[in-house]
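# Observations on the model geometry
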Amino acid sequence: RLRRFLSSIRKRTVKSIRVGGMVRSLKKHLKPISYALLTVAATDYVISKTTDHSHQVAHAGSGVLFMRKHKMIDWNQRAKDDIEKQLTLASQQEAMDYAAKCRELEANEGPEARKAFEEQYLIDKKAEKMQKKRALKKLKFDLLRQGIDPRHDPEGQLQLYKHKTG
């Protein structure tokens, strides 16, 4: 790759746009050490072609510094992930509490009490789910009455997300 790049520079006239485009494309494909060596070689080549050779200046050498590419942090996504994690932990805790309560009832009062508790729990969960569904439908209608599209408008999406996460 290095040989191909240097030969392509020799064949072309050195223009910053062409070299910049080649360097950007090679930066994507090369490992950091290869890119660093390529940069040094290309810089030396350009300096040798553009400077007067009658009085060559000595260049001081230094170690190659490797810098990691900076990753942009998406704070909105990070906040959403934190909320999802909290919701997951809350549902896991609820499931553990439910299982503990079932075991306790079965140990103290027998399997009939546990079965009655499980049936009542499922009825309560179904009623809670229906209530949330009605509240969501009401929220969507209220947003539409205010002129806010719940699917496409950022404010509508925010309100739906807040409703979903509590």
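That block above? That's the structure.
Attention here is on the structure that accompanies the text. The structure presented is a predicted model; accordingly, all values stated were derived computationally and were not measured. (Residues numbered from 1 in each chain as written. Predicted model: local features only at pLDDT ≥ 70, side-chain atom pairs only at ≥ 80, totals over all residues. Heavy atoms only, no water.)

### What to know about the overall build of the protein
Along the backbone of the protein there are six helices and zero strands. Reading the secondary structure of the protein in the N-to-C direction produces α-α-α-α-α-α. A burial count over the protein gives 14% of its 166 residues as buried. Sequence-distant contacts in the protein: of pairs separated by 6 or more residues, those separated by 24 or more amount to 43%. (Helix = DSSP H or I, 4+ residues; strand = E, 2+ residues; numbered from the N terminus. Buried < 20%, exposed > 50% of the residue type's maximum accessible area, 1.4 Å probe, protein only. Contact = heavy atoms within 4.5 Å.)

### A short note on the environment of Y161
As for its placement among the helices and strands, Y161 is situated in helix α6 (residues 154-165). Sequence-wise, Y161 and K80 are 81 residues apart; in three dimensions their C-alpha atoms are separated by 9.3 Å. Every residue in contact with Y161, bar those within four places of it in the chain, is listed here: K80, I83 and E84.

### Quick look at the packing of aromatic side chains
For the structure shown, the criterion picks out three aromatic pairs. Here the aromatic rings of Y98 and F117 are separated by 5.9 Å at their centres, their planes lie at 25 degrees, and the arrangement is stacked. Here F117 lies in helix α5 (residues 111-145) and Y98 lies in helix α4 (residues 75-109), a separation of 19 residues in the sequence. F117 sits in the partly exposed class, given a relative accessible area of 23%. (Phe/Tyr/Trp six-rings, centres within 6.5 Å; stacked < 30°, edge-to-face > 60°.)

### Side note on a positive patch on the surface
A cluster of like positive charges, contributed by K126, K129, K133 and K137, occupies part of the molecular surface. As for its placement among the helices and strands, K137 is situated in helix α5. Look at K137 and you get exposed, because its relative accessible area is 54%. (Patch = residues over 30% accessible without salt bridge, like charges linked within 9 Å, V, L, I, M, F, W, Y side chains within 5 Å. Areas by Shrake-Rupley, 256 points an atom, 1.4 Å probe, with all protein chains shown as cover. Salt bridge = Lys/Arg side-chain N within 4 Å of Asp/Glu carboxyl O. Lys, Arg positive; Asp, Glu negative; His and termini not counted. Charge placed at Lys NZ, Arg CZ, Asp CG, Glu CD.)

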